Amino acid sequence: MEAGKRLSTATTIFLSNNELTGSVPSSICSKKPVLYSGLADLDVSNNKLSGMIPTTIRYCTSLEYLNFGFNYLTGNVPKGLEQAKGLQILKLNDNNLDGDPLYIISELPDLQVLILGNNNFGGGLSDMVGSLNIMILSLSSNHFNGSIPKEIFDLDQLRILDLSGNKFTGLISRKISNLTLLKSPYNSSYRISGDYDFDVGLQMASKWIIIQYEKLYRYYSGIDLSSNELEGEIPEEIGLLKGLSMLNLSHNRLSGEIPSSVGLMNGLESLDLSYNKLSGVIPPSLASMDFLGYLNLSHNNLSGRIPRGLHMDTLSGDGSAYANNSFLCGYFTKNACEGDQSSDTGNNDYENEDGLDHTRDKWYFFGVVALGFIIGFWGLFFGLLLKKEIWWFGYWRSVDKVAAKIVHFFLKD
């Protein structure tokens, strides 16, 4: 309590990454005018704090940055938090909080970063649409349900949308192409206002690895709707999001074909459509996505030939990106595509002809060498025989010595 009173006069409190225990002091936010100084930044993340978020948080009306992440907090988000009208960054992730906090969030007009992942929150997203300045929205690994309202794609400042690990159902709206900032590569003029460049960290699953992004808004964008119960087709309009870096729609019930427009998303670095019910061929346009560093299309009903390309061939050295698609054929599979047999026969004929040419050239070479030896040796022999000069005997003496040495070499052991 005493510590809370002393801190109540501060404008900035950063006590993260310590071993703090107990509850959050309710006196940090005081309603007494003599003690109230306008706390703007409060960060007690990565500690061992427990209990509930104090209801006195309503008196911290000047809050702009609030981080209670990575603790053991329980209970609901106090309704009084909506009094912090200037709040820009709110991180309550990795606690044991529950209830439906989104109706409160909709009352925070300046909110730009909302990270609530890994809690026990529930409810729908219909109350979210009022927060029109959201740039980073992470609700992963909770119990949110219902459909994803199409209005959420009218959040024209949104760069990160992580709704993974919930119970969302229904279709992916065609209005996903309304995400204005994701239609073109990152523009440095779009950034979170205030002095919070140092810490808007977010955990996201990319390439099956949980990654902590500290300055994610500067260079990264992503949509993660994985591990839900979404159905229907992937909308063709998704290809308009050419500024998107990561797309994860895995572990749903999506059906239909992969839109060919996905190949136009030239900023995409990670694409995961695994564990769905997708069918049809893999769009050849995927082979031209030179920035793609991770691809997973496994566990679907895809068919036809796997597209090839210099970069595409490097994305799945062991073929795992295409596993459990029984009707795929070609490279990375054991299935031959139609037309491959005749092509192979043609190649074999060519290889046979090439082998014959090589053999013929080899015999020509040995013939020339043998002919040269015969002409050189016997030409010299007959020349000396005809002239009968004195060094005739020296010549044969040398030949005898060489022959004797050869015989001795083979018989000495």
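Residues numbered from 1 in each chain as written. Predicted model: local features only at pLDDT ≥ 70, side-chain atom pairs only at ≥ 80, totals over all residues. Heavy atoms only, no water.

*Asks:* Help me understand the overall build of the chain in this model?
*Replies:* Along the chain, the regular secondary structure elements total five helices and 25 strands. Burial analysis of the chain (413 residues in total) assigns 44% to the buried set. When contacts within the chain are restricted to residue pairs at least 6 apart in sequence, those whose partners lie at least 24 apart make up 55%. Summing over all exposed atoms, the chain offers an accessible surface of approximately 21200 Å²; the carbon and sulfur share of this is 56%. (Helix = DSSP H or I, 4+ residues; strand = E, 2+ residues; numbered from the N terminus. Buried < 20%, exposed > 50% of the residue type's maximum accessible area, 1.4 Å probe, protein only. Contact = heavy atoms within 4.5 Å. Areas by Shrake-Rupley, 256 points an atom, 1.4 Å probe, with all protein chains shown as cover.)

*Asks:* Whenever I open this one, the environment of leucine 158 confuses me. Can you help?
*Replies:* By secondary structure assignment, the location of leucine 158 is in the loop between strand S12 (143-147) and strand S13 (160-162). Residue leucine 158 is classed as buried on the basis of its relative accessible area of 1%. A C-alpha to C-alpha distance of 9.6 Å links leucine 158 and glycine 222, two positions 64 residues apart in sequence. The residues touching leucine 158, leaving out its near neighbours within four places in the chain, are Ile134, Met135, Ile136, Leu137, Ile152, Leu179, Leu181 and Leu182.

*Asks:* Hey, could you run me through the sheet that holds strand S25 (residues 327-329) in this one?
*Replies:* Sheets are built from strands that pair by backbone hydrogen bonding, the pairs being arranged parallel or antiparallel. In spatial order, the strands read S2-S4-S6-S8-S10-S12-S14-S18-S20-S22-S24-S25; together these twelve strands make up an open sheet with parallel pairing. Single-partner strands in this sheet number two, and they are strand S2 (21-22) and S25. When S12 meets strand S14 (residues 167-170), the two strands line up parallel, connected through three bridges. Looking at the pairing, asparagine 145 lines up with lysine 167 of S14. (Pairing = 2+ DSSP bridges.)

*Asks:* It is not clear to me how the environment of leucine 240 should be interpreted in this structure. Could you clarify?
*Replies:* Relative to the helices and strands, leucine 240 is located in the loop between strand S18 (229-233) and strand S19 (246-248). Under the relative-accessibility criterion, leucine 240 is labelled partly exposed at 43%. A C-alpha to C-alpha distance of 8.7 Å links leucine 240 and serine 184, two positions 56 residues apart in sequence. Every residue in contact with leucine 240, bar those within four places of it in the chain, is listed here: Ser177, Leu182 and Lys183.

*Asks:* Can you walk me through the packing of aromatic side chains in this structure?
*Replies:* The description of two aromatic rings rests on the distance between their centres and on the angle between their planes. Here the structure, examined in full by the defined rule, presents three aromatic pairs. Aromatic side chains phenylalanine 14 and tyrosine 65 sit 6.1 Å apart centroid to centroid with 40 degrees between the ring planes, which places their arrangement in the tilted category. Pair noted here: phenylalanine 14 is in strand S1 (residues 12-14) and tyrosine 65 is in strand S5 (residues 65-67), with a separation of 51 residues, a long-range link. Here a set of aromatic residues connected by ring pairs shows up, and it is made of Tyr322, Tyr331 and Phe332. Of note, arginine 308 hangs over the ring of tyrosine 331, and the distance from its end group to the ring centre comes to 3.7 Å. (Phe/Tyr/Trp six-rings, centres within 6.5 Å; stacked < 30°, edge-to-face > 60°. Lys NZ or Arg CZ within 6 Å of the ring centre and 35° of its normal.)

*Asks:* Would you take a moment to explain the pairing of strand S20 (residues 253-257) for this structure?
*Replies:* For a regular strand, side chains alternate in direction, first toward one face of the sheet and then toward the other. The pairing of S18 with S20 spans three bridges and is parallel. In the strand pairing of S20, glycine 232 is matched with leucine 254. Here S20 pairs with strand S22 (residues 277-280) via three bridges, running parallel. For glycine 256, the partnering residue across the bridge sits in S22 and is leucine 278.

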